[in-house]
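Understanding the architecture of this molecule
Each chain, letter by letter, is given below.
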Amino acid sequence: MKVLFTILKDLGYPVSQDVQDYYNKIQFWNDWWKGYVQEFHKYQIKNESGNSRDVKRKQMRMAKKVCEDWADLLLNDKTRILVECNEHGTDATQEFLTGDKEDQNGGVLGNSKFWKLGNKAVEREFAQGTVCFYLQLVNPTVNKGQLSAQSVQIKAIKDAQKIVPLTYDEEDISEIALASEYTQNGERFMYIQVFKQEQEGYQIYNHYFKINSVSGDAVGYERVSAPHGEAISYKLPCKPFVILKPNVENNIADVPLGMSIYANAIDMLESCDLAYDNLFMDTLLGKKKVFMDQALFSMKPTAYALNDKGEKVPVRQEPDVGATLEKSLYVSTGTQVSPDKPRLFEEYNPSLRVDENKENVQFNLNLLSSKCGLGQNRYQFSIQNMTTATQVRASNKELTESVWKQRIAIQDALTELTRSIIILGKEKCHISGLDPDVRITIQFDDTMFLDEEAERLRMLQEISAGILQKWEYRVRYYGEDEETAREMTGETENPADRIQSMFFQQDKSQVEEPEGEA
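Notes on the structure in this doc start here. Model, not experiment: these values are computed from the prediction.

**Observations regarding the overall build of the protein chain**
For the protein chain, the count of helices and strands is 15 helices and 20 strands. In the protein chain, which comprises 518 residues, the proportion classed as buried is 40%. Counting contacts in the protein chain only where the partners sit at least 6 residues apart, residues at least 24 apart contribute 59% of the total. Here the protein chain has roughly 30900 Å² of accessible surface; of this, 47% comes from carbon and sulfur atoms.

**Here's the deal with the pattern of salt bridges**
Taken as a whole, this structure holds 16 salt bridges when the rule is applied. Glu187 is paired through a salt bridge with Lys210; the nearest N and O atoms lie 2.9 Å apart. On the criterion of sequence distance, the pair formed by Glu187 in strand 10 (residues 187–198) and Lys210 in strand 11 (residues 201–215) is long-range, its members being 23 residues apart. Residue class for Lys210 comes out buried when judged on its relative accessible area of 18%.

**What about the packing of helix 4 (residues 62–74) against helix 7 (residues 114–128)?**
Where helix 4 meets helix 7, the axes come as close as 8 Å, and the angle between the chain directions of the two elements is 130°. Here helix 7 runs oblique to helix 4, going by the angle between their axes. Crossing handedness for the pair helix 4 and helix 7: right-handed. Here Lys64, Cys67, Glu68, Trp70, Ala71, Asp72 and Leu74 of helix 4 lie close against helix 7, whose contacting residues are Asn119, Val122, Glu123, Phe126 and Ala127. Of the residues assigned to the contact of helix 4 with helix 7, the class counts are seven nonpolar, one polar and four charged.

**Considerations on a nonpolar patch on the surface**
Taken together, the side chains of Phe280, Leu284 and Leu285 present a nonpolar region at the surface, about 270 Å² in accessible area. Its location among the elements puts Phe280 in helix 8 (residues 266–285). Judged by its relative accessible area of 31%, Phe280 falls in the partly exposed class.

**Regarding the pairing of strand 8 (residues 163–168)**
It is a general feature of regular strands that their side chains alternate between the two faces of the sheet. Both strand 8 and strand 9 (residues 173–184) contribute to a ladder of five bridges, which runs antiparallel. Along strand 9, the bridge assignment pairs Thr167 with Glu175. The antiparallel hairpin formed by strand 8 and strand 9 contains four residues in its connecting segment.

**Structural notes on the nonpolar core**
Ranked by size, the top nonpolar core spans 107 residues in total, and within it Trp70, Phe114, Phe133, Ile154, Val164, Ile192 and Tyr262 carry the most contacts. Take this core: its biggest share by element is ten residues, from helix 11 (residues 397–427). Apart from residues lying up to four places away in sequence, Trp70 is in contact with Val122, Phe126, Ile261, Cys372, Gly373, Leu374, Ser402, Val403 and Gln406. Core analysis: the next-biggest nonpolar cluster, separate from the first, contains five residues, Met459, Ile463, Leu468 and Tyr473 among them.

**Description of the side chain of Ser369**
Within the element layout of this structure, Ser369 appears in helix 9 (residues 354–371). Given the relative accessible area of 0%, Ser369 is considered buried. In terms of polar contacts, Ser369 uses its side chain to reach the backbone carbonyl oxygen of Gly375, at 2.3 Å. Leave out the neighbours within four places in its chain, and Ser369 touches Leu374, Gly375, Gln376, Arg378 and Tyr379.

Thresholds, definitions, all that
Residues numbered from 1 in each chain as written. Predicted model: local features only at pLDDT ≥ 70, side-chain atom pairs only at ≥ 80, totals over all residues. Heavy atoms only, no water. Helix = DSSP H or I, 4+ residues; strand = E, 2+ residues; numbered from the N terminus. Buried < 20%, exposed > 50% of the residue type's maximum accessible area, 1.4 Å probe, protein only. Contact = heavy atoms within 4.5 Å. Areas by Shrake-Rupley, 256 points an atom, 1.4 Å probe, with all protein chains shown as cover. Salt bridge = Lys/Arg side-chain N within 4 Å of Asp/Glu carboxyl O. Axes fitted to C-alpha atoms, helices over the stretch in contact; angles between N-to-C directions. Parallel < 35°, antiparallel > 145°, perpendicular 65-115°, else oblique. Left-handed = near helix turned anticlockwise from the far one by under 90°. Nonpolar A, V, L, I, M, F, W, Y, C, P; charged D, E, K, R; others polar. Patch = residues over 30% accessible without salt bridge, like charges linked within 9 Å, V, L, I, M, F, W, Y side chains within 5 Å. Pairing = 2+ DSSP bridges. Core = buried A, V, L, I, M, F, W, Y, C linked by side-chain atoms within 4.5 Å. Polar contact = N/O pair within 3.5 Å; in protein donor to acceptor, adjacent residues only side chain to side chain.

If you want it as structure tokens, here you go:
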């Protein structure tokens, strides 16, 4: 980070000390996401000789699991971005974005492999607090001073330590610097892209540097030309980036960057690893042991010393149990196994404390899950029966509410990013029929909250009550078009005629009025 901050300062973009210090916390959260934090997972023990050696604590790596689960809940390949038809009734905008409404494997999103990219980015967002999606023109050209391109591509900076806010307020980051490093022929290079807001759009500056040396506070670098002849700067008519942060208030520091979803659950992460390490050690140390009289062993010397005569004599011996047996199984007790039980050997079968360890691990998982917004019952060892989506909503209201809360931020970011793609497609790619003012809808994956069996039953009941028709059931669950579904069910009557017949049908029988008296 020191190299990046030094170069930005020399370019005229100094970074405040509060923001610089915050990247230390991001690195700490990133270490937990990777699963190893040296100051916690590395400790020392002493052996029987009094010598210390380093030991690595066992890890559950729950920080990564929490972030993976959040990413799967918020952005996956079942998420859909839908736009309305333009005023002429064409789907040019939808086709440019996704190829089609259903699979959405084409267009800008498909060519960018966005669903895979987005899922990984959200995982890193919840781990480090911040990620950035930005737009890049595909095959850009300049003709008579006008920039144009073949298409638009979505890229992502998933390492929060490569995202530096330059101008920001309480609600938004309006100017940023994005950095990436690469190595070529054994030499280290850094690419910095600066997004500066102007009155109409954004000016993007590309900077390439070769890092020569880093010593203390001194950084040696030199500017180099773009490796593939990229433009030094260019202008875009819209904001070409969006910042994603977990939708939680940052109580760690007053900075524009987000915080990890487990920033306030570090103690729970440590407890989970301590509980699992205890389970592991009980299993390791719980092996059967046989304490045996030394007379039953053939002994081999393991240490020597010189006596008064200068002769080399053994001072320590251990049983020679052979290469096929674990030494930890047989333990020599000298000449007597037990002082009050004159026996040649005795078995010892320690308790593994399975139930206690299981409860300990489960309790700490429940605390972690709840603290990270996933509800208390997200991670269970002993689920023996499947639950319906209705039961999930009822038993895990906390998770349901957290998902809707986090989707607000995802929806805003995707909507803003989609509108920028449409603007670039119209003004820089010159795609006809694109409408930047079109209504954009983000359709999330709700399968975990939907009980299909209950939905089918409810629809059948509504059909029996005359509210719906049978063909509608076939369209929804069999994937048939309306014409085919009507033909299969024999319901060819127009719905409007059906409603009219239900509410306005007259009785065919004529009621004669009684004759009056003459």
